[in-house]
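An overview of the molecular structure
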Amino acid sequence: MRFLSTLCWICMMGISMGAQAQPAAAPKTQAAQPAQTVASSVDREIKIEEREFVSVAEAMPEDKFNFSPEAMNIPGSDYKKVRTFAEQVKHVAATNFGLYTAVTGEKPPYDISNENGPDSIKTKADIIKFLKDSFAAGHRAAQSLTAQNSSETVKTFFGPTTKVFATTFAVAHGFDHYGQMVEYLRMNGIVPPPSRPQPKQ
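This report concerns the structure included in the present document. (Residues numbered from 1 in each chain as written. Predicted model: local features only at pLDDT ≥ 70, side-chain atom pairs only at ≥ 80, totals over all residues. Heavy atoms only, no water.)

A short note on the overall build of the protein
Spelled out, the test is: Secondary structure elements are defined from DSSP: runs of H or I of at least 4 residues count as helices, runs of E of at least 2 residues count as strands, and each element is numbered from the N terminus. Whether a residue is buried, partly exposed or exposed follows from its accessible area with a 1.4 Å probe, protein chains only, as a fraction of its type maximum: under 20%, in between, or over 50%, in that order. Residues count as neighbours in contact if any of their non-hydrogen atoms are within 4.5 Å of one another. Here the accessible surface of atoms and residues is derived via Shrake-Rupley with a 1.4 Å probe, and residues count as covered only by protein chains that are part of the display.
A tally of helices and strands in the protein yields 5 helices and 2 strands. Taken over 201 residues, the protein has a buried fraction of 37%. Taking all contacts inside the protein whose residues are at least 6 apart in sequence as the whole, residues at least 24 apart take part in 72%. Of the roughly 12700 Å² of accessible surface on the protein, a fraction of 57% belongs to carbon and sulfur atoms.

If you want it as structure tokens, here you go:
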């Protein structure tokens, strides 16, 4: 009986020591994320702006595309000769083309000599296409950037600047007008899509 008790004790010690000797399971790690680059970082900015800006542009009904706050005659306001909603969109698209094609060296596919874009682009569908095409040019510009060439100087409509400044300034400029367009929507009783309740994931 004593032998059996001793044998059980030895077995238990062996199991315990064996368990302690087992290497700890490696913690589960997330899949390695690709390294961020100048190109991927700037392109991400453009994607965010594109998603927000295009959604707001598309939210305005076509019969309100020529709306500006000037028509509301708000007492004490000064909206004289401000851009219409359509002109806001076209201005951003024209500016995008001016900056992004300076980076890539492409010839703009539209006449952007007018800061509000071509007069021939009038319908909502054509204006939205003009806008989306300008963001496509933006992605090409962003994807052309490297750590080496991002500080190269290019000529833009506001003078010489670096490639990285031209691409990031285009995003800042677009968001400036995005804020104005949000107000234009709200003045027409439309909640901007990015401000609407989002479905739970």
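Picking up where we left off.
Observations concerning the pattern of salt bridges
Spelled out, the test is: One speaks of a salt bridge when a side-chain nitrogen belonging to Lys or Arg is within 4 Å of a carboxyl oxygen belonging to Asp or Glu.
Scanning all chains against the criterion turns up 7 salt bridges. With its nearest N and O atoms 3.2 Å apart, the salt bridge here joins glutamate 58 to lysine 132. A residue pair is termed long-range when its members are at least 10 positions apart, and glutamate 58 in helix H2 (residues 38-59) and lysine 132 in helix H4 (residues 124-143) qualify at 74 residues.

Overview of the nonpolar core
Selection criterion: As used in this record, nonpolar core signifies buried Ala, Val, Leu, Ile, Met, Phe, Trp, Tyr and Cys residues forming a set joined through side-chain atoms within 4.5 Å.
The biggest cluster of nonpolar side chains holds 38 residues, and the ones touching the most others in it are Phe53, Phe85, Val89 and Leu131. Going through the elements one at a time, H2, helix H3 (85-104), H4 and helix H5 (163-187) are the ones with two or more residues in this core. The contact partners of valine 89, leaving out residues within four places of it in the chain, are Phe53, Ala57, Ile127, Leu131 and Met181.

Concerning the packing of aromatic side chains
Test applied: Working definition: a ring pair exists when centres of Phe, Tyr or Trp rings (six-membered ring for Trp) sit within 6.5 Å. Plane angles under 30 degrees give stacked, over 60 give edge-to-face, the rest tilted.
In this structure the tally under the stated criterion is 12 aromatic pairs. Pairing phenylalanine 85 with tyrosine 184 gives two aromatic rings, centres 6.4 Å apart and planes at 45°, and the pair type is tilted. Here the residue phenylalanine 85 occupies a position in helix H3, and tyrosine 184 occupies one in helix H5, the gap between them amounting to 99 residues. Their ring planes at 15° and their centres at 5.6 Å tell us that phenylalanine 165 and phenylalanine 169 sit as a pair that is stacked. Pair noted here: phenylalanine 165 and phenylalanine 169 are both in helix H5, with a separation of 4 residues, about one helical turn. For phenylalanine 165, a relative accessible area of 38% corresponds to the partly exposed category. The class for phenylalanine 169 is partly exposed, based on a relative accessible area of 30%.

Digging into unusual backbone geometry
One non-glycine residue, asparagine 73, lies in the positive phi region at around 50°. Within the secondary structure layout, asparagine 73 lies in the loop between H2 and H3. Residue asparagine 73 is classed as exposed on the basis of its relative accessible area, which comes to 64%.

Notes on the pairing of strand S1 (residues 153-156)
Going by this rule: When DSSP finds two or more bridges between two strands, those strands count as paired.
Every second residue of S1 is oriented toward a common face, the buried set being Val154 and Thr156 and the non-buried set Thr153 and Lys155. Pairing between S1 and strand S2 (residues 159-162): 4 bridges, direction antiparallel. Pairing of valine 154 across the sheet is with threonine 161, part of S2. From the end of S1 to the start of S2, which pair antiparallel, there are 2 residues.

What is shown is where atoms sit, not what they do.
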